[in-house]
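Fold and geometry: a report
What follows is the residue order along each chain.
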Amino acid sequence: MSEVENALLILAKDNKQVEKIINDLIQGNRFHFNQKGRRTMTDMYFDYKDKSLKKHKIDLRIRTVDGETPKITLKFLEKATSSHSERVEIERLWSLESFDEIMKELSSQLQGRALERPANFINEDPENILNSVKFVKIQERRTERNTIDAINRLTSELEFEFAIDITFYHLNSSFRHYGIMELEIESKKKGNYEILDRLVDQLITDHQSKFRVWPHSKLATGLAMETLLSRRELKAGEDFDNDGLLTLLGAKKIEAFMKLEPH
C-alpha cells in the first residue's frame, strides 16, 4: 500500500485550539469531520549495525497500539516532492508468516541480501526475535495520537486523516524524555495530492505561528535530537518547553543539523 502524507510541526500549546483549527479547515473545504479519539502507540525501529536500512531509506518498525497484538511494518520511499512524500508501506500483525513476508521484501530492497531466520519463534517477543537475527534497536518512542477524519459530504468516503501526535522519545538514560508535537495529514484516496498541498498551504498561511512544515520523519528527528543532546547543543528551557516539547528554536537547530548531516 502507498501512503501520501505531509507533516507539520505544531508550535501551539493548546491541543483544543489545534483541534478547532483542523475542524474549521475540514469544514471550510466542504468535508465533514469525524473525531476518532485518542490512541497510544509504542514504536521500536531497527537497523543493522552497518546502517544499511538507513542508507536505503528503509524503515523497519514494531508498533503496539493500546496493548493490542504488535504489528511489523516495512516502509520505503517511492517518491518525494517539496511538499509531500509517497512511501510504500507493508504492515502485518506479528507472526512467523508476517516476519517471513517482511524479510523477503526487505531482502529485495537490499538487492538480494541474505537475511537470517530465527531458530525459534514460538511466543517470542518481536524485539528478541529481531535481535536474534542481527538487528539492533535504534529508536523507541511513545505517541499519543488524536485522529480527525475528513469525510466527503457527497460520497461519505474517507478522504484525509489528520493525526495530532504528541511523541516522546526514550532517549539515553542521561536525558529526560524529550519530544515533539506534530500534525500528520495523510491522503486516503488517490488523486488528492493537489488538495493535500492546498490544505497544508492554508494552514501555514493562516496560522504561521502555530505550524511549520516538517519534512523530516519522526525517526530522523529523534535520532538528530539525541545526537544534539549528547553534544549539549540542545538545552532544556530554550530548545524544549517546560513539558519537554521541541520549540521553534530547537526545531531550527535540528533543521540546520540535518542539512549538514542528512538522515
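Presented here is a report on the structure given in the accompanying data block. Being a predicted model, the structure only gives us computed values, none of them experimental.

The rules behind each value
- Residues numbered from 1 in each chain as written.
- Predicted model: local features only at pLDDT ≥ 70, side-chain atom pairs only at ≥ 80, totals over all residues.
- Heavy atoms only, no water.
- Phe/Tyr/Trp six-rings, centres within 6.5 Å; stacked < 30°, edge-to-face > 60°.
- Helix = DSSP H or I, 4+ residues; strand = E, 2+ residues; numbered from the N terminus.
- Buried < 20%, exposed > 50% of the residue type's maximum accessible area, 1.4 Å probe, protein only.
- Axes fitted to C-alpha atoms, helices over the stretch in contact; angles between N-to-C directions.
- Parallel < 35°, antiparallel > 145°, perpendicular 65-115°, else oblique.
- Contact = heavy atoms within 4.5 Å.
- Nonpolar A, V, L, I, M, F, W, Y, C, P; charged D, E, K, R; others polar.
- Pairing = 2+ DSSP bridges.
- Polar contact = N/O pair within 3.5 Å; in protein donor to acceptor, adjacent residues only side chain to side chain.
- Core = buried A, V, L, I, M, F, W, Y, C linked by side-chain atoms within 4.5 Å.
- Salt bridge = Lys/Arg side-chain N within 4 Å of Asp/Glu carboxyl O.

This next bit is on the packing of aromatic side chains. Summed over all chains, the structure comprises four aromatic pairs. An angle of 25° between the planes, with centres 4.3 Å apart, marks the rings of Tyr-48 and Phe-135 as stacked. Of this pair, Tyr-48 sits in the loop between strand S2 (31-47) and helix H2 (52-55) while Phe-135 sits in the loop between helix H4 (126-132) and strand S6 (136-152), placing them 87 residues apart in sequence. Exposure remark for Tyr-48: the relative accessible area of 6% places this residue in the buried category.

In this section: the environment of Leu-77. With respect to the helices and strands, the residue Leu-77 is situated in strand S4 (residues 71-80). For Leu-77, a relative accessible area of 36% puts it in the partly exposed group. It is 24 Å that separates the C-alpha atoms of Leu-77 and Leu-158, two residues lying 81 residues apart in sequence.

We now examine the packing of helix H6 (residues 218-230) against helix H7 (residues 248-260). Relative to each other, H6 and H7 sit at 95°, their axes nearing to 10 Å. Between H6 and H7, the crossing angle belongs to the class labelled roughly perpendicular. Contacts between H6 and H7 involve Ala-220, Thr-221, Ala-224, Met-225, Thr-227 and Leu-228 from the first element and Lys-253, Ile-254, Phe-257 and Met-258 from the second. Residues that form the contact of H6 with H7 fall into these classes: seven nonpolar, two polar and one charged.

As a further point, take the pairing of S2. Where S2 lies against S6, 16 bridges are found, and the strand directions are antiparallel. Bridging across to S6, Asp-43 finds its partner in Arg-141. Pairing of S2 with strand S3 (residues 58-65) involves six bridges; the strand directions are antiparallel. Paired with Phe-46 across the two strands is Leu-60, which belongs to S3.

Further remarks concern the environment of Glu-255. Turning to its location among the elements, Glu-255 is positioned in helix H7. Overall, Glu-255 belongs to the buried group, its relative accessible area being 16%. Along the chain, Glu-255 and Lys-54 lie 201 residues apart, while their C-alpha atoms are 18 Å from each other. Beyond its immediate sequence surroundings of up to four residues, Glu-255 is in contact with Arg-212, Val-213, Trp-214 and His-216.

By secondary structure assignment, the location of Asp-43 is in strand S2. Of the polar contacts made by the side chain of Asp-43, one reaches the side chain of Arg-63; its length is 2.7 Å. Those residues within four positions of Asp-43 in sequence are excluded, and the remaining contacts are Arg-61, Ile-62, Arg-63, Gln-139, Glu-140 and Arg-141.

Phe-162 and Leu-183 are the most contacted members of the largest nonpolar core, which has 24 residues in total. Each residue touching Leu-183, except ones within four places of it in the same chain, is listed here: Asn-6, Ala-7, Leu-8, Ile-10, Ile-22, Phe-162, Ala-163, Ile-164, Leu-203 and Phe-211.

Counted under the stated rule, the structure contains 28 salt bridges. The salt bridge partner of Glu-144 is Arg-142, with a shortest N-O separation of 3.9 Å. By relative accessible area, which is 35% here, Glu-144 ends up partly exposed. According to the relative accessible area criterion, Arg-142 is partly exposed, its value standing at 42%.

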